[in-house]
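Here is how the chains run, residue by residue.
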Amino acid sequence: MNEFQGRRIVLGVTGGVAAYKAAELVRLLVKAGAEVDVAMTAAGAQFVGAATFQALTGRRVWQALWDERMDNGMAHIDLTRGAAALLVAPATADFLAKLAHGFADDLLSTLCLARDCPLLVAPAMNRQMWENPATQRNVAQLRADAVSVLGPAHGEQACGEVGDGRMLEAQELFDELHASLQAKTLAGKRVLLTAGPTFEALDPVRGLTNSSSGKMGFALARACAEAGAEVTLVTGPVTSATPRGVLRVDVKSACQMRDAVMRALPGQDVFIGVAAVADYRPRQESAQKIKKGTATLTLELEANPDILAEVAARPDAPFCVGFAAESQDLAKYAEGKRVAKKLALVVGNLVQDGLGGDSNAVTLFDAAGAHVLPPAEKSEVARGIVAHIASLMEQ
Ligand code: C5P
């Protein structure tokens, strides 16, 4: 699902050294099939010349409020009409301040005010400029005005200092823009997910766990948020960063995960169990570290609650989705699980095709049969799963 194909993006470039990354971003957008109109401020043109953007976009760059190419003299309005998004990258502290206060004294600031498409900004500035209370006030105001603020990142700056204020890289901006263009198929819906492994403690330092990376669950949480849902993610111990706009609840054991899910469940429209929940836990957690010395050690295990089955069995159950990671006979086991746990949908994959990695190949099993999704990165697979959930919920 390439949301850029045949769509027009307006890219605003203001006066920061990160303007060179904007040139790379344009290249990525054009390669993905987007038409890109670049509007530069006078300061922006000091960093990267209009000729560079013109060559990359195949279109002349917009710089003047009174550009004669628009017969009606209304470039400040017409340029964003029909555009999928307006992204200002880099956005300087000065430009953010103008935007927060509604100034419109050049083409780009006027475009931002007169737009009828989403506005995204990628701040780029010295760390102290970013931390300055005035900038922080302006950014808070922009967020309150529904402007998406992308970044900034932490790291080394052009001035030699280290801190927050670096503009995101071109690929990151591309991904963020792509995410923001996703169809809002879950708008108004509340989605609860589990992700990652669980950790069943044996003693204060050891436990039983598994190799689930949490990547698929996090990708799905992100895809649900991109589709407009209000998302809560209950996760076992993983290192992944929380997707933007997602409420994260960290847990360790299966029992903690179950309790967190039950607390968050009221009012949810969808429950997606992605977590690799341990089927068993030690009957007793030793208060002290277990010492070696005996030739054998017997662990007594007891069954954990099946969180998904418990949620799906409730009379007020939300739309329930499960995962089936199998090493063989995928269709038989996945469909069996769907029926046994009373699920609307099971996402099945062969463990050799996905566990731990960044890509995945899955088949969706629902009441109508099996639907194969093409192998892709987990973020793309997650979008495909969300589209399928949304279409089933519409029926
Ligand atoms: O039965 P199996 O463990 O293979 O089912 C996998 C599905 O059930 C996954 O969606 C998983 O998140 C969920 N599950 C659960 N609680 C368990 C075991 C599995 O929610 N104790």
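In this convention, every chain numbers its residues from 1, walking through the sequence in written order. Given that this is a predicted model, residues contribute local features only at a pLDDT of at least 70 and side-chain atom pairs are listed and counted only at 80 or more, while totals for whole chains, interfaces and linings are drawn from all residues. To get the side-chain values, take all heavy atoms of the structure and skip hydrogens and water.

*Asks:* Teacher, can you tell me more about the domain arrangement of the protein here?
*Replies:* Frequently, the measure chosen for interface size is the accessible area removed from exposure when the parts meet. What fixes the domain bounds is an automatic or database domain assignment. What the domain assignment lists for the protein is domain 1 (8–180) and domain 2 (190–286 + 296–394). The distance between the C-alpha centroids of domain 1 and domain 2 comes to 38 Å. Counting residues at the interface gives six residues for domain 1, matched by five residues for domain 2. Buried area: the sum, over both parts, of the accessible surface (1.4 Å probe) that disappears when the two are put together. Between domain 1 and domain 2 the total buried area reaches about 400 Å² when both faces are included, carbon and sulfur atoms providing 30% of it. On the domain 1 side of the interface with domain 2, the three residues burying the most area are Glu176, His178 and Ala179, jointly 77% of the side's total. What makes two residues a contact is simply this: any of their non-hydrogen atoms within 4.5 Å.

*Asks:* Would you take a moment to explain the packing of helix α1 (residues 19–31) against helix α9 (residues 170–180) for this structure?
*Replies:* In a packed pair of helices, the relevant descriptors are the angle between the two axes and the axis-to-axis distance. The axes used here are C-alpha line fits, helices contributing only the stretch in contact, and every angle between their N-to-C directions lies in the interval 0 to 180 degrees. Secondary structure elements are defined from DSSP: runs of H or I of at least 4 residues count as helices, runs of E of at least 2 residues count as strands, and each element is numbered from the N terminus. One way to put it is that α1 packs onto α9 with a least axis distance of 8 Å and a crossing angle of 50°. As summarised for this structure, α1 and α9 are arranged oblique, according to the angle between their axes. Here α1 and α9 pass one another in a crossing that is right-handed. Within the contact between the two elements, α1 uses Lys21, Glu24, Leu25, Leu28 and Leu29 and α9 uses Ala170, Gln171, Leu173, Phe174 and Leu177. For classification purposes, an angle smaller than 35 degrees is called roughly parallel, one larger than 145 roughly antiparallel, one from 65 to 115 roughly perpendicular, and anything else oblique. Helix crossings fall into two classes, left-handed where the near helix is turned counterclockwise from the far one by less than a right angle and right-handed where it is turned clockwise.

*Asks:* What am I meant to see in the sheet that holds strand β4 (residues 119–123) here?
*Replies:* Hydrogen bonds along the backbone pair up the strands of a sheet, which may run parallel or antiparallel. Whether two strands pair comes down to DSSP finding at least two bridges between them. Taken in spatial order, the five strands line up as β2-β1-β3-β4-β5 in an open sheet, and their pairing is parallel. The open sheet has two edge strands, β2 (35–40) and β5 (148–149), and neither has a second partner. Pairing analysis gives six bridges linking strand β1 (residues 8–13) to β2, with the strands arranged parallel. When the sheet's bridge partners are listed, Arg8 is paired in β2 with Glu35. Each of β1, β2 and β3 (85–91) touches α1; the most contacted strand, β1, lies at about 175° to it.

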